[in-house]
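Residue-level structure breakdown
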Amino acid sequence: MIRIASRSILASTLLAACSLVQVAYAQSPATAMDGVLVGPNQMTLYVFDRDTAGSGKSVCNGGCATNWPPLAAPSGAAAMGDWGIVTRDDGSKQWAYKGRPLYYWAKDSKPGDKTGDGFANNTWHVAKP
């Protein structure tokens, strides 16, 4: 009897934990502020013209990703609405908005900075909702 009760309690606890994980990922990974998308740290997010929307891939890897860090998607995150997930060359996951991978710009130093907009022959742009 005690063994069955222990299993029941363990199962209930695991189910509750799973539902909490789902709730954590039910929120958008970014929000709109002053007409642009910003990450959880309130820093401006960007899109790259060389990424093909909806391809499920990012072409900004290696040194590019050092300057343009991806908006990382945590393990277990799932697509929702306009938010999708792309797989990077290194196997990590990155958030995409309407099929376009999202990045930060390493030279933005504070929330509200948009110094990457138009960078590299106008191939980088602020992400807009």
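Just so it is clear, the model here is predicted, and its values are computed rather than measured. (Residues numbered from 1 in each chain as written. Predicted model: local features only at pLDDT ≥ 70, side-chain atom pairs only at ≥ 80, totals over all residues. Heavy atoms only, no water.)

**What to know about the pairing of strand β5 (residues 93–97)**
Among the five residues that make up β5, four are buried, leaving the element largely enclosed by the rest of the structure. The hairpin turn running from strand β4 (residues 83–87) into β5, its antiparallel successor, is five residues long, and glycine 91 in that turn takes a positive phi close to 90°. Where β5 folds back onto strand β6 (residues 100–101) in an antiparallel hairpin, the turn is made up of two residues, including lysine 98, whose phi is positive at roughly 50°. (Buried < 20%, exposed > 50% of the residue type's maximum accessible area, 1.4 Å probe, protein only. Helix = DSSP H or I, 4+ residues; strand = E, 2+ residues; numbered from the N terminus. Pairing = 2+ DSSP bridges.)

**Observations regarding the environment of glutamine 94**
Among the secondary structure elements, glutamine 94 is positioned in strand β5. For glutamine 94, a relative accessible area of 0% gives the class buried. A sequence separation of 37 residues divides glutamine 94 from lysine 57, and the C-alpha atoms of the two residues are 9.0 Å apart.

**Quick word on the state of the cysteines**
Enumeration over the complete set of coordinates arrives at one disulfide. One disulfide bridge connects cysteine 60 with cysteine 64, the sulfur atoms lying 2.0 Å from each other. Between cysteine 60 and cysteine 64, the S-S dihedral sits near -105°, and the bridge is therefore left-handed. Using a relative accessible area of 0% as the deciding quantity, one classes cysteine 60 as buried. (Disulfide = S-S within 2.5 Å.)

**So, the pairing of β4**
As paired elements, β4 and β5 share five bridges and run antiparallel to each other. Residue pairing in the sheet places glycine 84 in a bridge with alanine 96 of β5.

**So, the side chain of aspartate 51**
Relative to the elements of secondary structure, aspartate 51 occurs in the loop between β3 (46–48) and α2 (63–67). Buried charge aspartate 51 goes without a salt bridge, the closest partner of opposite sign being arginine 100 at 6.8 Å. Among all residues touching aspartate 51, those that are not within four sequence positions of it are Lys57, Ser58, Val59, Cys60, Pro101 and Tyr103. (Lys, Arg positive; Asp, Glu negative; His and termini not counted. Salt bridge = Lys/Arg side-chain N within 4 Å of Asp/Glu carboxyl O. Contact = heavy atoms within 4.5 Å.)

**Quick notes on empty space enclosed by the protein**
Gaps left between atoms are located by rolling a probe of water-molecule size over the structure's atoms. In total, this model carries one cavity of 30 Å³ or more according to the counting rule given. Considering only enclosed or pocket space, the largest cavity measures out at about 30 Å³ in volume. Lining the largest cavity are Met33, Asp34, Val36, Val38, Thr44, Gly112 and Lys114. Here the residues of the lining of the largest cavity sort into three nonpolar, two polar and two charged. (1 Å grid on protein atoms, 1.4 Å probe; cavity = no way out; pocket = protein on both sides within 12 Å on 5 of 7 lines; lining within 4 Å. Points joined across faces, edges and corners; volume = space filled by probe spheres on them. Nonpolar A, V, L, I, M, F, W, Y, C, P; charged D, E, K, R; others polar.)

**Points about the nonpolar core**
Formed by 15 residues in total, the largest nonpolar core has its most connected members in Leu37, Leu45, Leu71, Trp83, Trp95, Leu102 and Ala127. By size, the runner-up hydrophobic cluster in this structure holds ten residues, among which are Val38, Cys60, Trp124 and Val126. (Core = buried A, V, L, I, M, F, W, Y, C linked by side-chain atoms within 4.5 Å.)

**Details of the sheet that holds β6**
Spatial ordering of the open sheet is given by β4-β5-β6, a layout of three strands whose pairing is antiparallel. Lying at the two open borders of the sheet, with one neighbouring strand each, are β4 and β6.

**Examining the pattern of salt bridges**
Side chains that differ in sign of charge can pair as their charged atoms come close. In the structure shown here, the tally under the stated rule is three salt bridges. For aspartate 89, the salt bridge goes to lysine 57, with nearest N and O atoms at 3.5 Å. Highlighted residues: aspartate 89 in the loop between β4 and β5 and lysine 57 in the loop between β3 and α2, separated in sequence by 32 residues. A relative accessible area of 38% means that lysine 57 is categorised as partly exposed. One salt bridge connects aspartate 113 with lysine 110, and the closest N-O pair in it is separated by 2.9 Å.

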